[in-house]
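Here are the chains, one letter per residue:
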Amino acid sequence: MARISRAIRNFIHYGPLLASFIIVLVTIMTTLAILAGTPISSIRLPSGRVTWQHHPTVKTFLNLTVFLILAMLTTYHFISCMIHGPGFVKHNWKPEKKKLEARLQWCQECQGFKCPRSHHCRKCGRCVKKMDHHCPWINACVGHKNHAHFMRFLFYASIGCGYGGANLAYTAVKIIFYGNTNFILAYYYNSVIKFVLLIFSCGIAFGVSLAVGFLLVMQIRDISKTLPISNLGLSGRPCGDIVI
């Protein structure tokens, strides 16, 4: 329950709320764009009212399935980053071996030693184990416990937004050149506002894909240059006492 309550507190912030809005917007608009490519036919009900029935194709089904899987994986790892947290060093922590204290830094705020690669985050108010950075989009630090989820979040978000943006761009091109003759497109995008929202979502999707993809490349580069703890002359787990 402590993890869930902390995740809820972290979520109520402009960063996670904006990220959630982008995920929801791109997911909804891309789903509509993919469905706009499915054939539909009119059916007259016994009451006299006319309704529409979709006739999805295998291509549409696979296209939508791939995108929704990417969207779900992005959402899962996004939430997991906040639920698991980075992993904090206990207050007043000291290494088991007294001689190791000379190699460790002292944290005045936490009144304890900093284990290797840990840093004190002023926004979190704690020493974070293997701290990478404080991410505003999850309103929490990226560290030992959630770094793997963060990397997967970046990967699926960049791929998912790029995939969604391609579908949105394809639909926008069809509307521009075939909107007057394509009944299905006219059925889904029957106003200027919907078309503007489609273009806006397309721009957001490609922008996020490029930005997040660049961050992913930078993360991979930094990880490849990380110095192993063993090279510091310390044990592999000098601060095993970590609270969540």
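Shown above is the structure to which this text applies.
All values reported here derive from a predicted model rather than from experimental measurement.

1. Overview of the side chain of Thr-31
Structurally, the position occupied by Thr-31 is in helix α2 (residues 14-35). Separated by 2.7 Å, the side chain of Thr-31 and the backbone oxygen of Thr-27 make a polar contact. Setting aside anything within four residues of it in sequence, one finds Thr-31 in contact with Leu-64, Phe-67 and Leu-68.

2. Quick notes on the side chain of Ser-118
By the element assignment, Ser-118 lies in the loop between β5 (112-114) and β6 (119-121). Looking at Ser-118, the relative accessible area reads 4%, which means it is buried. Here Cys-115 takes part through its backbone oxygen, which lies 2.5 Å from a polar atom of the side chain of Ser-118. Those residues in contact with Ser-118, other than ones at most four positions away along the chain, are Val-89, Val-128, Lys-129 and Lys-130.

3. Here we look at the environment of Cys-81
With respect to the helices, strands and loops of the structure, Cys-81 is situated in helix α3 (residues 58-84). Considering only alpha carbons, one finds Cys-81 and Met-151, 70 residues apart in sequence, at a separation of 9.6 Å. In this structure Cys-81 touches Ile-138, Asn-146, His-149 and Phe-150, once residues within four positions along its chain are discounted.

Definitions and limits used
- Residues numbered from 1 in each chain as written.
- Predicted model: local features only at pLDDT ≥ 70, side-chain atom pairs only at ≥ 80, totals over all residues.
- Heavy atoms only, no water.
- Helix = DSSP H or I, 4+ residues; strand = E, 2+ residues; numbered from the N terminus.
- Polar contact = N/O pair within 3.5 Å; in protein donor to acceptor, adjacent residues only side chain to side chain.
- Contact = heavy atoms within 4.5 Å.
- Buried < 20%, exposed > 50% of the residue type's maximum accessible area, 1.4 Å probe, protein only.

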